[in-house]
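Chains, contacts and geometry: an overview
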Amino acid sequence: EFFRPIFDWIENYVSKVKNSILLSLNFDYLNSISTRCIINILEILEMYYNGGGKVEVNWYCAKDNEDMLQMAQEIAEDIKLPINVIPFSREAKD
C-alpha cells in the first residue's frame with residue numbers, strides 16, 4: 001500500500017515524540033482511495049489531539065477548485081481537529 005509508510009511514521013511519531021504537529025495539505029485532485037487515506041491520516045491525528053496532543057492542519061485549496069474546496073470543508077466538519085481550509089488564488093501563467 002502506497003500510504004503505509006506514512007501511516008507507520010505518523011503512528012510512531014505520535015506514540016513516541018509527543019510534539020506539536022502542523023500538517024499542510026494542498027491537492028489539485030484526490031481520487032476516492034487517496035481521499036480515504038487522507039481521512040485515515042487525519043483520524044490518527046484526531047486521536048492524538050483528543051489525547052492532549054497539539055495538532056493544526058492547514059488545507060490549502062485553489063479558489064477556482066470548487067470540488068476540492070467542498071471536500072476539504074466537509075472533511076473539516078467531520079474530523080474534530082483544528083483544520084483551516086485556506087483558499088488561495090492561482091498565479092496566472094504567461
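Heads up: these notes are all about the structure in this document. (Residues numbered from 1 in each chain as written. Predicted model: local features only at pLDDT ≥ 70, side-chain atom pairs only at ≥ 80, totals over all residues. Heavy atoms only, no water.)

1. A look at the sheet that holds strand β3 (residues 83-88)
The pairing of strands in a sheet happens through backbone hydrogen bonds and is either parallel or antiparallel. In spatial order, the strands read β1-β2-β3; together these three strands make up an open sheet with parallel pairing. Either end of the sheet is taken by a strand with one partner, and the two such strands are β1 (21-26) and β3. Each adjacent strand pair in this sheet contributes to an overall mean axis angle of 20 degrees, direction not counted. Inspection of the sheet shows strand β2 (residues 55-62) paired to β3 by six bridges, in the parallel sense. Bridge pairing in β3 links A62 to F88. (Pairing = 2+ DSSP bridges. Helix = DSSP H or I, 4+ residues; strand = E, 2+ residues; numbered from the N terminus. Axes fitted to C-alpha atoms, helices over the stretch in contact; angles between N-to-C directions.)

2. Regarding unusual backbone geometry
A negative phi angle is the norm for most residues apart from glycine, just as the trans form is the norm for most peptide bonds. The phi angle at K18 is positive, at roughly 65 degrees, despite the residue not being glycine. Within the secondary structure, K18 is located in the loop between α1 (4-16) and β1.

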